[in-house]
Amino acid sequence: MPKGGKREGAGRPFGAKSVTEENALSVQVAVRLTANEKAELESRAKSKGLTVSKYIHNQLFPEQS
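If you're wondering where the values come from, they're calculated on a predicted model, not measured in any experiment. (Residues numbered from 1 in each chain as written. Predicted model: local features only at pLDDT ≥ 70, side-chain atom pairs only at ≥ 80, totals over all residues. Heavy atoms only, no water.)

> Which parts of the structure should I look at to understand the environment of Val31?
Locating Val31 in the fold gives a position in the segment before α1 (35–47). Placed 15 residues apart in sequence, Val31 and Ala16 show a C-alpha to C-alpha distance of 32 Å. (Helix = DSSP H or I, 4+ residues; strand = E, 2+ residues; numbered from the N terminus.)

> Sorry, what's going on with a nonpolar patch on the surface here?
A contiguous nonpolar surface patch, about 330 Å² in accessible area, is contributed by Val29, Val31 and Leu33. Residue class for Val31 comes out exposed when judged on its relative accessible area of 63%. (Patch = residues over 30% accessible without salt bridge, like charges linked within 9 Å, V, L, I, M, F, W, Y side chains within 5 Å. Areas by Shrake-Rupley, 256 points an atom, 1.4 Å probe, with all protein chains shown as cover. Salt bridge = Lys/Arg side-chain N within 4 Å of Asp/Glu carboxyl O. Buried < 20%, exposed > 50% of the residue type's maximum accessible area, 1.4 Å probe, protein only.)

> How do you make sense of α1 when you look at a structure like this?
The periodicity of an α-helix, 3.6 residues per turn, causes residues three or four places apart in sequence to face the same way. Helix length check: α1 (13 residues) gives 18 Å between terminal C-alpha atoms against 18 Å at 1.5 Å per residue, within 8%. Positive backbone phi, at 75 degrees, marks Gly49, one or two positions downstream of α1. (Expected span 1.5 Å × (residues − 1).)

> What am I meant to see in the pattern of salt bridges here?
Two side chains with opposite charge may pair up if their charged atoms get near one another. By the definition in use, this model includes two salt bridges. Put simply, Glu42 and Lys38 hold a salt bridge, and the shortest N to O gap is 3.6 Å. Taken as a pair, Glu42 and Lys38 lie in helix α1 at a separation of four residues, close to a single helical turn. Judged by relative accessible area, which is 36%, Glu42 ranks as partly exposed.

> Whenever I open this one, the packing of α1 against helix α2 (residues 52–60) confuses me. Can you help?
Running from N to C, α1 and α2 point in directions that differ by 85 degrees, and their axes come no closer than 9 Å. The angle between the axes of α1 and α2 places the two elements in the roughly perpendicular class. On α2, the residues that touch Leu41, Glu42, Arg44 and Ala45 of α1 are Val52, Tyr55 and Ile56. Class assignment for the residues of the contact of α1 with α2 results in five nonpolar, no polar and two charged. (Axes fitted to C-alpha atoms, helices over the stretch in contact; angles between N-to-C directions. Parallel < 35°, antiparallel > 145°, perpendicular 65-115°, else oblique. Contact = heavy atoms within 4.5 Å. Nonpolar A, V, L, I, M, F, W, Y, C, P; charged D, E, K, R; others polar.)

> How do you make sense of the environment of Arg32 when you look at a structure like this?
Secondary-structure assignment places Arg32 in the segment before α1. The exposure class of Arg32 is exposed, given its relative accessible area of 83%.

Quick look at the structure:
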């Protein structure tokens, strides 16, 4: 029975970009919404197939998408 060694598919994919301190998403911003506004935000994000966080980021910084 073999032990150890390289696992198929293990490791970072070839060509994957590394996250540097400069481009890492590392801070949070809080926003207060009504329950209806939150539901609308979640609905819009879901319709685009994005998380709420990614949806907001894309809306604010479309050139980085």
